[in-house]
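# Summary of the model geometry
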Amino acid sequence: MSNDAATTATPPAVDGPPQEPAAHGIGASLPQADARAKTEGTFPYASDLWAEGLLWAAILRSPHAHARIVSVDTSAALEMPGVRAVVTHQDIPGDAAYGKRIADRPVFASDVVRHHGEAIAAVAADHPDTARLAAAAIAVEYEVLDPVTDPEQAFAAEPLHPDGNLIRHIPLRYGDPEAVGEVIVEGLYRIGRQDPAPIGAEAALAVPRPDGGVELYAASTDPHGDRDLAAACLGLERDRVKVVVTGVPGATGDREDPGFQLPLGLLALKTGCPVKLTATREESFLGHAHRHPTLLRYRHHADTEGRLVKVEAQLLLDAGAYADSSSESLAAAVAFACGPYVVPHAFVEGWAVRTNNPPSGHVRGEGAMQVCAAYEAQMDKLAAKLGLEPHEVRLRNVLATGDILPTGQTVTCPAPVAELLRAVRDYPLPPLPKDTPEDGWLLPGGLEGAGEPGAVRRGVGYALGMVHMLGAEGADEVSTATVKVHDGVATVICAAVETGQGFATLARQIVQETLGIEDVRVAPVDTDQPPAGPAAHGRHTWVSGGAVERAAKMVRTQLLQPLAHKFGMSTELLQIADGKITSYDGVLSTTVTEAMDGKELWATAQCRPHPTEPLDESGQGDAFVGLAFCAVRAVVDVDIEIGSVRVVEMAVAQDVGRVLNPAQLTARIEAGVTQGVGAALTENLRTARGLLRRPDLTGYALPTSLDAPDIHIVKLVEERDVVAPFGAKPASAVPVVTSPAAIASAVRAATGRPVNRLPIRPQAAVATPHP
């Protein structure tokens, strides 16, 4: 969620958002409607679904990263008691492949397997164990091929896909290529494969319809997009496929892969029975998309005062086997390769390539997070070479409103980057730990760790990050919402999916604020409603919240016009607050319920932001609707003998536009910082020749509550973006982008080591003790 205040930003009290001004409406800390059910364990998720005559599905997945399929024999599976159907690529009546912009990913592999875990066939049976045994009984003969797992080798390797290995190349050219700075620093950086690691693994239920269509019940974050893909795959008209959104246990992109839903639709149509699939954690890791592993080469030029002259960069994104959202991720990486800094000359080459590694796709801050880690490392190197404080070299170069990005786009939105950096710089540092046994748990590694207090060094690091809001490069960002009022109850109908970002709560607050009605309900989401688009880049706060606001204002006009006409005044002279309608002069005073007089009022509205354009052949163009910024100061303790790292504190200052719900905003920022801690220190989905190693939550180390540092939100700059509804900006992605870079900066300060890889490995944090 995002945020509210004045135009020049009055900062909140240190360590917290502003005090809530009201019990409901915009600016109040209204709790989420489903919070109680989720905490009590009664909230219905997709894995809880049930239907009469239910069958269970299982998917056979490839054990190889790259192989030619010689034959597939399903006879043994079909002969097993309780097995009702087996489907392969031969059973697909419509499009055999799907994808976000490029339909390059097969529902079932037919001739070639391109990544570990790719789906080969699916089974429906009377019992889940029977389904799994039947899937294992399918005999597949493979001719194992050498996998291409190094993205640098993908350029010269044989094509892994009919579309070739290169998904997209963006050459950004800005300024004078001959420009040279007096001080030059270079670096090579690698970013690992972070997994979204959803709380609950993917699950879905497909139910056949009497008209030959199918209903899909799933934790979808883009129901209309999933409906269109399913209809194309199943060879059905769109109106014969319905997607119903079930409880989504949080999503950061991992819910956007329909690969779990399409086999279910096939099985439901073939058997004529409801079919359910609940993925195991291993299947979840194998199936959904991950953050793009990225290789980055940088050269920064600056003058002797530390002001940037030119940035040169090469960015290589490993897309895995299929395109997914790699084109969009690459555009963000290239556009933000220089960071929130003024750079007169920039030359960036960006590539996204196919390999036989697991698929990559949309994860919070995609593209922006990888380049942030690299350009902030370069700023640290530049500061060290010039003998400047790390924060000082950043302050001399920060972006501001009116500056121009290397894409040629002018920054028209608020960009208080310097203010954010000064806020975290000036926040008091935490006290140093005492060298006593009682405080041993404060050491890196904890009480049972092998470290010694004398080997612990403290480091302080800084990072500035930026993300774009909504889609980019000409994406049509539109949402539709309907607001209905009857018998004192307002209902919001909008296909914006609540993924934990707080949209359902925001919609209630908007209607409460606009219509003065306390009882506001948000209808469940399905594809019978007009589309609202996917849940990403804070778009539902902007476009869906904007649509709700417009619809509510239209209802407000319908409510006030008869009263205004009766008393001979305009509707602008009437106000609604706390369920009462009053006029400016006090002549009119009535309740909303009395004014409704039993009528039902409703209105439907759309919100569509101003258009953008694709980047051209030189990486130029107004590709983004708006930008959001963040500054983070990290304090870490490092045991320089064993390389263990403890994040002591994260101080965050963020450009939020307007605080819409203080409690939710705080939670979103804290969650984003914690996800960034995981990316910095522990989260790396490792592979060996393309095969996932230990795809479970023991092999993939997520940060726990014991790993989360003290997070202090030291400033929220509330300078409203005039083109955004409410003036708000998205809040959760930019701390994810910025936090890993700040932690790496702090480890560099503690150890003197370059730290050029994320997550930070212990050997990278080992240093020679100071004398």
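## What to know about the overall build of the protein chain
Within the protein chain, the regular secondary structure consists of 15 helices and 31 strands. Restricting the contact set of the protein chain to residue pairs at least 6 apart, pairs at least 24 apart contribute 80%. Total accessible area computed for the protein chain in this model is approximately 29,000 Å², and 52% of it derives from carbon and sulfur atoms. Averaging the coordinates of the 65 positive side-chain charges in the protein chain and doing the same for the 95 negative ones gives two points 1 Å apart.

## Section: the pairing of strand S26 (residues 624-639)
In terms of residue burial, S26 counts as a mostly covered element, since 16 of its 16 residues are buried. Where strand S18 (residues 456-472) and S26 come together, 15 bridges link them in antiparallel fashion. From the neighbouring strand, His-468 faces S26, where its bridge partner is Leu-627. When S26 meets strand S27 (residues 644-655), the two strands line up antiparallel, connected through 10 bridges. Opposite Arg-633, over in S27, you have Ala-651 as the bridge partner. Adjacent in sequence and paired antiparallel, S26 and S27 are bridged by four residues, among which Gly-643 carries a positive phi angle near 80°.

## Observations regarding a negative patch on the surface
Judged by side-chain charge, Glu-613, Asp-616, Glu-617 and Asp-622 come together as a negatively charged surface patch. As for its placement among the helices and strands, Asp-616 is situated in the loop between strand S25 (601-607) and S26. With relative accessibility at 33%, the residue Asp-616 sits in the partly exposed group.

## Digging into the packing of helix H4 (residues 223-234) against helix H5 (residues 261-271)
Where H4 contacts H5, the axes come no closer than 10 Å and their chain directions differ by 50°. Considered as vectors, H4 and H5 are oriented oblique to each other. Crossing hand, H4 versus H5: right-handed. For the pair H4 and H5, the contacting residues are Asp-226, Leu-229, Ala-230, Cys-233 and Leu-234 in the first and Gln-261, Leu-262, Gly-265, Leu-266 and Leu-269 in the second. A per-class count over the contact of H4 with H5 returns seven nonpolar, two polar and one charged.

## A short note on the confidence of the model for the protein chain
Scored by pLDDT, the protein chain comes out at a mean of 89, with 94% of its residues at no less than 70. Scored below 50 in pLDDT, residues 1-22 makes 82 contacts in the model with residues more than four places away or belonging to other chains.

## Points about helix H3 (residues 128-137)
Listing the buried residues of H3 in full gives Thr-130, Ala-131, Ala-134 and Ala-135. Buried residues of H3 fall within an arc of 135° about the axis and therefore sit on the same side. Within H3, the exposed residues directed more than 90 degrees away from the buried face are Leu-133 and Ala-136. As for H3, its buried residues are in contact with strand S1 (55-61), helix H2 (75-78), strand S3 (83-87) and strand S7 (119-125).

## Remarks on the side chain of Thr-482
Here Thr-482 shows up in strand S19 (residues 479-486). In this structure Thr-482 comes out as buried when scored by relative accessible area, which is 11%. A polar side-chain atom of Thr-482 sits 2.7 Å from a polar atom in the side chain of Thr-604. For Thr-482, the residues in contact, after removing those within four places along its chain, are Thr-491, Val-492, Ile-493, Trp-602, Ala-603 and Thr-604.

Conventions adopted
- Residues numbered from 1 in each chain as written.
- Predicted model: local features only at pLDDT ≥ 70, side-chain atom pairs only at ≥ 80, totals over all residues.
- Heavy atoms only, no water.
- Helix = DSSP H or I, 4+ residues; strand = E, 2+ residues; numbered from the N terminus.
- Contact = heavy atoms within 4.5 Å.
- Areas by Shrake-Rupley, 256 points an atom, 1.4 Å probe, with all protein chains shown as cover.
- Lys, Arg positive; Asp, Glu negative; His and termini not counted.
- Charge placed at Lys NZ, Arg CZ, Asp CG, Glu CD.
- Buried < 20%, exposed > 50% of the residue type's maximum accessible area, 1.4 Å probe, protein only.
- Pairing = 2+ DSSP bridges.
- Patch = residues over 30% accessible without salt bridge, like charges linked within 9 Å, V, L, I, M, F, W, Y side chains within 5 Å.
- Salt bridge = Lys/Arg side-chain N within 4 Å of Asp/Glu carboxyl O.
- Axes fitted to C-alpha atoms, helices over the stretch in contact; angles between N-to-C directions.
- Parallel < 35°, antiparallel > 145°, perpendicular 65-115°, else oblique.
- Left-handed = near helix turned anticlockwise from the far one by under 90°.
- Nonpolar A, V, L, I, M, F, W, Y, C, P; charged D, E, K, R; others polar.
- pLDDT = per-residue confidence, 0-100.
- Arc of directions from axis to C-beta.
- Polar contact = N/O pair within 3.5 Å; in protein donor to acceptor, adjacent residues only side chain to side chain.

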